[in-house]
Amino acid sequence: MRKRALARLALVPLLAAAGMVGSAASAAPATAAANESSELYVSNKYCSPTGVQNGSPEAPFCTIQAASAVAGPGQTVLVQPGVYRENVSFNRSGTESAPITFRAVYLANDSVRVGKYETTAVTGAVMVISGVHDVVIEGFDVYGADRSDAIAVIDSSRITLDKMTIHGGSLGPTGVEVSGVSDDVTISRGLIQNTSGPALDLDPGTTNVTVTGNQLIDSGLLATVSPGLTVTGNTVVTDCRPGIDLYASSTGASVRNNIVQTSKSRQPCANPAGATAIRVDSSSASDTTADYNLVDPLSGGPIYTWAGEAYAALAPFTTATGQGTHDLHANPLLTLQQFNTWSSWYGTGTASPARDSADAAAPGALDTDLLDNSYADDPQVPNTGTGSQYRDRGAVETQGPRVTDPQYLRRKAGGGPFDVVAGQGIRSSWTVEQQRAKYAYQFYGDFYETRYWHVTDSNSVEHTFRRGGRVCVQMQGSQRDFRSSDSYRTEVCTVVGARYVPVTPTRLLDTRTGLGTTSKQPLGQDGSVVMPITSLAGVPVADITAVVLNVSVTQPTESGYIVVYPWGAVPNASTMNFVPGETVANQVTVPVWNGHIAFTHRGLGQVHVVADLQGVYTASGSGYASMSPARMLDTREGPAGPIAANATRTLDLSSKLPSDATAAVLNVTATGPTANGFLTLFPYGGTAPTASHLNYVPGQTIPNLVTVPVVNGRVNIRSASSGTTHVVVDLAGWFSPSATQTFVPLDPTRVLDTRDGTGRGTVNAPLRGFETIRVDPRVVAATCNPACPAPTAMVTNLTVTAPTTAGVLIAHPGGQQRPTASNVNFVARETASNAALVGVGAGVDVYNNSSGQTHAIVDQLGYFIGPPA
């Protein structure tokens, strides 16, 4: 029987050597060499203005210009949302098969704004593409400076400006100017607004420019000596100015599928002659064709001025030129819609003649519209176009009601423990040429996040987290490329568990020697020691979910208890209780959230703390298999007798363990020792480490949970004592590569306390003799689809306090047969604790195997979950 009066003489081994905790010193600075990855990151939110910038996700560039200075063929520069008040020069070229791409990562109401945004600091053209080739610039929101072009393309070829929103500056000459010897420039799916000069200005020397799927607002397109021009599927709305103007030998042009409205206010213009919808001068008419355009007549301006002749009606124009045989001269019924928080776009209203009437085979026609919509068949409108026959004229395709599929995040079957699959879906209810949508994913966990959204065409993506616990994804879906308010945003979570890597017990902390801390002082009243971790057992701290420690207290001067927890707020829990002079140990599983583990003393006196590492939970290693506790050793029975003084005994567990078992979970009890000492368990064939698992004094019965590596199904038990002791060992489970249960950490959480009714409603009475109480495991709070995985086993710390008689506390799967094994042994009026790893049935049953009453406390440290279906 355990006697507190003798406990103060127990021993804990002393170790002066360094442990396995990595240094807390800061890492050496990384180099700023150019990143050769296929993707370079720019983020003025996450970059370090005075630190390393190499374009990696961890060290992104602060400016677009910095990325432009190093980007090479085949690389994509991903510019994250934010305001970039800078001028950008693009002076590096890609190749025809491997262009350099600059892509703004934008979402609904979260754009990449560049230039003179709410500032006067930016002057001159905001973006200059000069003397380069094979460059794609996509998705930026550009604010032009006063009296300057917003974007200038000079002496460049194979340049694409796609999905740009361009705001011309005050008195700015143009929104986009293409000049010099520039060839094969494509301007597509852009919203370009300029109140002074043309929205698009193509200067002499430019050739083979394609303008497709854009909306030009306030001003239109002016081409001067720009042969080979293609103008297709644009919506041009001007303020009583020409819409599309081909001038001075801009020959060989194709003008098709455009909507032109030269009165933005839809009032007759004061000077109708200046509001020509499409003008082709006599030097540009050669080989130029126009058809399938829709012109609003309300401005009063000519539909066409062709080779110097103005036409107010279609019939005379078609008769005279042979052009425009499928043109329409009618109200397009444009409706102004919210583009996003920074601009708007024009769609078409019900019964608009633009609907389902375009030429699908027009040169330069895109596979999607301004908003990346697919072409859709309005069921209320006759199909009069070519090809699919239901493409709309202008830049925006009318869409039907959307259908949204449920969003999910599930663990990947057959994958690693942290592998997940996220999915969503959005589609049109109308017939479309192709179902398409854009999807965005941002993954994060309780103590893990990705900085960046992943935007893709795929409605299902895979991701690997770095730690176990609650993991989530925010998802957005849009049929309009996140360029309008049609998108949704939702969060879905699941729970992933970690696998276990056992280690030979290794000392990490000893306040007596200063190991793992900065002093050799004991913990005083409410004192704490914080142990920093950078790596353990070769695993970086960022990849560690939790650690398993055997924690001992020694030389306490007063009664108290220790709490071991991830550094932060001290939880309402206890790891072990002690009385003056006692040495006591307990196994504890501690989440590693922030790279530090804290040990806090709750008591009036002083106490030393020792911690030995047993293993780590991470992505690799072994899964867990639980079982009904089985007695594997009882030296009180059989001829071998107690373990002799300073002797080692081998325990063969192979009859219960699979051949690939890496560690065993054992409840080890020392009973009837004849002298002070301690037990250490370690792998068979190895050398006993300087560590202890449980300490005892003569006459004690004391248990401790031990997770120990096994070799060929065997472990060694060493008794460091001048006397003998009996040992009882119960096998509670094992770890092996073939086992499938994985560990989910929790901050220490009290799930039962009979003193105040926690876990049993309003009942705050002790457990009666031979009474059982059922405990429901706490699980991570998460909104899961599919359902969160259910717990298969609980990791707990069991405490009895104020028992009236001696006994044992037994925890076992709820609703199942109670085993003969015990978890906590106690005597009258003591407080005793022990860790327990208990399978979950109908909850967990806690049984007071005593004729007297006792209070019981259960602190949960985590739980195990089964494999994904």
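The present account deals with the structure reproduced in this document. Starting from 1, residues in each chain are numbered consecutively following that chain's sequence as written. Reporting in this predicted model follows two pLDDT cut-offs: at least 70 for local features of residues, and 80 or more for side-chain atom pairs to be given and counted; totals over whole chains, interfaces and linings ignore these cut-offs and use all residues. Note that the side-chain values use all heavy atoms of the structure and ignore hydrogens as well as water.

A short note on empty space enclosed by the protein
Moving on, step 1. Cavities and pockets are defined on a 1 Å grid built over the protein atoms alone: a cavity is a set of grid points where a 1.4 Å probe fits but cannot escape, while a pocket is an open set with protein on both sides within 12 Å along at least five of seven lines, and lining residues are those with an atom within 4 Å of any such point. Grid points are joined across faces, edges and corners, and a volume is the space filled by probe spheres set on the points. The full count for this structure, using the stated rule, is 9 cavities of 30 Å³ or more.
Moving on, step 2. Estimated volume of the largest cavity: approximately 170 Å³.
Moving on, step 3. Broken down by secondary-structure element, the contributors of at least two residues to the lining of the largest cavity are β51 (623-634), β58 (726-736), β62 (807-813) and β64 (832-839).
Moving on, step 4. Any residue outside Ala, Val, Leu, Ile, Met, Phe, Trp, Tyr, Cys, Pro, Asp, Glu, Lys and Arg is labelled polar, Gly included; the first ten of those are nonpolar and the last four are charged. Within the lining of the largest cavity, the residues separate by chemical class into 14 nonpolar, 6 polar and 1 charged.
Moving on, step 5. The computed volume of the second largest cavity comes to approximately 120 Å³.
Moving on, step 6. Lining the second largest cavity we find 17 residues, and of these Gly-233, Asn-257, Tyr-375, Asp-392 and Gly-394 sit closest to its centre. Strands here mean DSSP runs of E at least two residues long; helices mean DSSP runs of H or I at least four residues long; both are numbered from the N terminus.

Comments concerning the packing of aromatic side chains
Moving on, step 1. Working definition: rings of Phe, Tyr and Trp (its six-membered ring) pair if their centres are within 6.5 Å, and the pair is stacked with planes under 30 degrees apart, edge-to-face with planes over 60 apart, and tilted otherwise. For the coordinates displayed, the defined rule picks out 19 aromatic pairs.
Moving on, step 2. With 6.2 Å between their ring centres and 65° between their planes, Tyr-617 and Phe-864 make a pair best called edge-to-face. Placement of the pair is Tyr-617 in strand β50 (residues 608-618) and Phe-864 in strand β66 (residues 855-865), with a sequence separation of 247 residues. Both residues of the pair, Tyr-617 and Phe-864, belong to the buried class. A 1.4 Å probe rolled over the protein chains alone gives each residue an accessible area, and that area as a share of the maximum for its type sets the label: buried under 20%, exposed over 50%, partly exposed in between.

Re the side chain of Ser-352
Moving on, step 1. Structurally, Ser-352 is set in the loop between β32 (343-348) and β33 (402-411).
Moving on, step 2. We classify Ser-352 as buried; its relative accessible area is 3%.
Moving on, step 3. Setting aside residues no more than four positions away along its own chain, Ser-352 makes contact with Pro-332 and Leu-333. Whether two residues touch is decided by their heavy atoms; if any such pair falls within 4.5 Å, the residues are in contact.

Structural notes on the environment of Asp-281
Moving on, step 1. Secondary-structure assignment places Asp-281 in the loop between β25 (278-280) and β26 (289-291).
Moving on, step 2. The spatial distance from the C-alpha of Asp-281 to the C-alpha of Arg-489 is 50 Å, given a sequence separation of 208 residues.
Moving on, step 3. The residues contacting Asp-281, other than those within four sequence positions of it, are Leu-246, Tyr-247, Ala-248, Ser-249 and Ala-307.
Moving on, step 4. Side-chain atoms alone can form a polar contact between residues adjacent in sequence; in general such a contact is a pair of N or O atoms within 3.5 Å, and within protein one must be able to donate a hydrogen while the other accepts it. Here Ser-283 takes part through its side chain, which lies 3.0 Å from a polar atom of the side chain of Asp-281.

Observations regarding the environment of Thr-212
Moving on, step 1. Structurally, Thr-212 can be placed in strand β17 (residues 210-212).
Moving on, step 2. Here Thr-212 falls in the buried class, since its relative accessible area comes to 2%.
Moving on, step 3. Put simply, Thr-212 and Asp-162 are 50 residues apart on the chain and 9.6 Å apart in space, counted from C-alpha to C-alpha.
Moving on, step 4. Those residues in contact with Thr-212 that lie beyond four places of it in its chain are Ile-187, Ser-188, Arg-189, Thr-232, Asn-234, Gly-364, Ala-365 and Leu-366.
Moving on, step 5. Side-chain polar atoms of Thr-212 contact the backbone oxygen of Gly-364, separated by 2.9 Å.

Here we look at the sheet that holds strand β47 (residues 576-578)
Moving on, step 1. An order of β42-β49-β46-β47 is seen for the 4 strands of this open sheet, with the pairing classed as antiparallel. Here the strands that pair on one side only, and so sit at the sheet edges, are β42 (528-532) and β47. Between one strand axis and the next, the sheet turns through 20° on average, direction left out of account.
Moving on, step 2. Two strands pair when backbone bridges link them, and strand β46 (residues 560-566) and β47 are joined in this way by 3 bridges, in the antiparallel orientation. Among the inter-strand pairings, Gly-560 is bridged to a residue of β47, identified as Phe-578. Being paired, for any two strands, means DSSP has found at least two bridges between them. An axis is simply a line fitted to the C-alpha atoms; with a helix, the fit covers only the stretch in contact. Between two such axes, the angle follows the N-to-C directions and lies from 0 to 180 degrees.

Observations regarding the state of the cysteines
Moving on, step 1. In what follows, a disulfide is any cysteine sulfur pair within 2.5 Å. All chains considered together, the criterion is met by 4 disulfides.
Moving on, step 2. Paired by a disulfide, Cys-47 and Cys-62 hold their sulfur atoms 2.0 Å apart. Across the disulfide from Cys-47 to Cys-62, rotation about the S-S bond amounts to roughly 110°, and the bridge is consequently right-handed. Of this pair, Cys-47 sits in the loop between β1 (39-42) and α2 (64-68) while Cys-62 sits in the loop between β1 and α2, and the two are 15 residues apart along the sequence.
Moving on, step 3. Here Cys-784 connects covalently by a disulfide to Cys-788, the sulfurs 1.8 Å from one another. An S-S torsion of about 85° defines the bridge between Cys-784 and Cys-788 as right-handed.
Moving on, step 4. On the accessibility criterion, Cys-784 (18% relative accessible area) is buried.

Some points on the environment of Leu-294
Moving on, step 1. Here Leu-294 lies in strand β27 (residues 294-295).
Moving on, step 2. Separated by 34 residues in sequence, Leu-294 and Val-260 have C-alpha atoms that sit 6.3 Å apart.
Moving on, step 3. When sequence neighbours within four positions are dropped, the list of residues in contact with Leu-294 reads Asn-258, Ile-259, Val-260, Leu-328, Ala-330, Pro-332, Pro-353, Ala-354 and Arg-393.

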